[in-house]
Amino acid sequence: MKDAAPLVLGIESTCDETGVALVRGNELLADVTATSMDEYARYGGIIPEIASRAHLESFLPTMYAALEKAGVGLQEVAAIACAAGPGLIGSLTVGTAAAKALALATGKPLYGVNHILGHVAVDQLVHGPLPQPTIALVVSGGHSNLLLIRDLATDVVELGGTLDDAAGEAFDKVGRLLGLPYPGGPHLDRLAQAGDERAIAFPRALRSGEDRKKYPYDFSFSGLKTAVARYLAHHWPDGQIPEQAKADIAASFSAAVNDSLIDRAIRACRDHECTTLVIGGGFSANSHLRRLAAERAEGIEVRIPPIRYCTDNGAMIGALGSVVVRASLTPSGLGFANDSSMPLTQAVIAA
Ligand code: KG4
Ligand code: ZN
């Protein structure tokens, strides 16, 4: 198999998931994930110190499970890719320290790659190579961004992003207001399906006049979150919200968020003459977003990976690693520093 694409080991540790995957070209050989999410329900949010310790405990078992599943040994790996940012610095430190140790012990080249671009790259494992150019909407707990992708390895332009809260973050916060367990996103998604999205006209920010011109590809969700809080305080000052009202609020809020996301994403496609829109990140699991994208994207092919590849995983890092190795980019080496706010235009962190 001399001509086969290089085998890449991908390591994800930006938040609460420890993910390890093996990717060859656009083929996923194995993908194993351990998560510490269950530990956070009682705190109502991720505790970085707990997440870092969990990575330490999970890394080796996760890596061995992935190698076994793929039926390969470490010596067969051509390159190692690990997420170098954006993310929680403690979590990143554990994953990249493990990756550096592996690279040192095996002599394999190491690439510190961009977690957010990984959310885009993973789609190639499912739907094949992305056409160039492509518009990417990356929506997660920490990010909501629109990117123009001319080449995932070397030419990514950041068109816009959220001015305040990310879509997932807004869902988690409103989930909390409605008394849903943490993380609120998936619970609110389910609740919204039982509600009427026209029940309450929540505001859509940056959609008219000067704002629309000044922020053509941006989002803002913090005013919307405040509008939900005010609505609840006004109607149910005692906090006893009837179940149907909760569902209607969830549906109306979800419509406002997703309407903004899809409006901007489609506008970016039309303005840049892109006929492909790829959506990635944990929030792309949202059923309303998927429905709206399919409804409104006339003439545009919408690509969204299956839900298990939308939330954080090792496959996304293996996929991006595979892209940068095949593009012959320079490895990051062993001396690079993680960047918790790594620019979205940068696929590989410099040495
Ligand atoms: O990409 P991800 O796994 O981690 C980050 O990099 O942030 O995204 C996690 C975010 C959380 O805010 C979570 O509530 C949200 O994605 N999420 C959802 C759904 N599934 C996950 N939000 C809305 N609807 C869902 N079905
Ligand atoms: Zn993510």
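Look up: the structure comes first, before these words.
Residues numbered from 1 in each chain as written. Chains lettered and ligands numbered in written order. Predicted model: local features only at pLDDT ≥ 70, side-chain atom pairs only at ≥ 80, totals over all residues. Heavy atoms only, no water.

Caption draft 1: Broad picture of helix α1 (residues 48–70). For α1, which comprises 23 residues, the first-to-last C-alpha distance of 31 Å matches the rise-based estimate of 33 Å (1.5 Å per residue) to within 8%. A maximum bend of about 45° is found in α1 at S58, where proline P61 lies one to four positions downstream. For α1, the complete set of buried residues consists of I50, A51, S52, A54, H55, S58, F59, T62, M63, A66, L67 and A70. Of the surrounding secondary structure, the elements contacted by the buried residues of α1 are β1 (7–12), β2 (17–24), β3 (27–35) and α2 (89–106). Two residues or fewer past α1, G71 is found with a positive phi of approximately 70°. (Helix = DSSP H or I, 4+ residues; strand = E, 2+ residues; numbered from the N terminus. Expected span 1.5 Å × (residues − 1). Bend = angle between axes of the 7 residues up to and from the residue. Buried < 20%, exposed > 50% of the residue type's maximum accessible area, 1.4 Å probe, protein only. Contact = heavy atoms within 4.5 Å.)

Caption draft 2: Geometry of the nonpolar core. In this structure, F253 and L261 are the most contacted members of the largest nonpolar core, which totals 50 residues. Residue assignment for this core shows that the elements contributing at least two residues are β6 (134–139), β7 (144–151), α5 (167–177), α6 (184–192), α8 (222–235), α9 (243–271), β9 (276–280) and α10 (287–296). The next biggest cluster of nonpolar side chains, apart from the first, holds 35 residues, and it includes A21, V23, L117 and L130. (Core = buried A, V, L, I, M, F, W, Y, C linked by side-chain atoms within 4.5 Å.)

Caption draft 3: Molecular detail of the coordination of the zinc ion (ligand 2). In the first shell of the zinc ion (ligand 2), the protein supplies H115 (NE2), H119 (NE2) and D312 (OD), at 2.1 to 2.2 Å from the metal. Of note, the donors binding the zinc ion (ligand 2) are all from one chain and are spaced H-x3-H-x192-D. Of the two residues, H115 is situated in helix α3 (residues 115–121) and D312 in the loop between β10 (301–303) and α11 (314–326); the sequence distance between them amounts to 197 residues. Comparing H115 with D312 shows no difference in burial state: the two are buried. (Donors = N, O, S within 2.8 Å, 3.2 Å for Na, K, Ca; no water.)

Caption draft 4: Summary view of the layout of surface pockets. Considering only enclosed or pocket space, the largest pocket measures out at about 1100 Å³ in volume. Lining the largest pocket are 42 residues, and of these S140, G141, D172, Y182 and P183 lie nearest its centre. Every element with two or more residues in the lining of the largest pocket is listed here: α3, α5 and α6. In terms of residue count, α5 provides more of the lining of the largest pocket than any other element does, 7 residues in total. Looking at the lining of the largest pocket residue by residue, the class counts come to 15 nonpolar, 18 polar and 9 charged. (1 Å grid on protein atoms, 1.4 Å probe; cavity = no way out; pocket = protein on both sides within 12 Å on 5 of 7 lines; lining within 4 Å. Points joined across faces, edges and corners; volume = space filled by probe spheres on them. Nonpolar A, V, L, I, M, F, W, Y, C, P; charged D, E, K, R; others polar.)

Caption draft 5: A look at the site of ligand 1. With respect to spatial proximity, 19 residues lie near ligand 1, and among them G141, D172, D189, G282 and N286 are the closest. Backbone polar atom of G141 to an oxygen atom of ligand 1: 2.8 Å apart, as the coordinates give it. A distance of 2.9 Å separates a nitrogen atom of ligand 1 from a polar atom in the side chain of D189. Across the complex, the protein chains shield 87% of the 550 Å² of accessible surface that ligand 1 would expose by itself. (Near = heavy atom within 4 Å. Polar contact = N/O pair within 3.5 Å; in protein donor to acceptor, adjacent residues only side chain to side chain. Areas by Shrake-Rupley, 256 points an atom, 1.4 Å probe, with all protein chains shown as cover.)

Caption draft 6: Structural detail: the pattern of salt bridges. Going through the model one piece at a time under the given rule, you end up with 17 salt bridges. Across the salt bridge formed by D196 and R198, the nearest N and O atoms sit 3.5 Å from each other. With a closest N to O distance of 3.8 Å, R291 and E197 form a salt bridge. Of this pair, R291 sits in helix α10 while E197 sits in the loop between α6 and α7 (209–214), and the two are 94 residues apart along the sequence. (Salt bridge = Lys/Arg side-chain N within 4 Å of Asp/Glu carboxyl O.)

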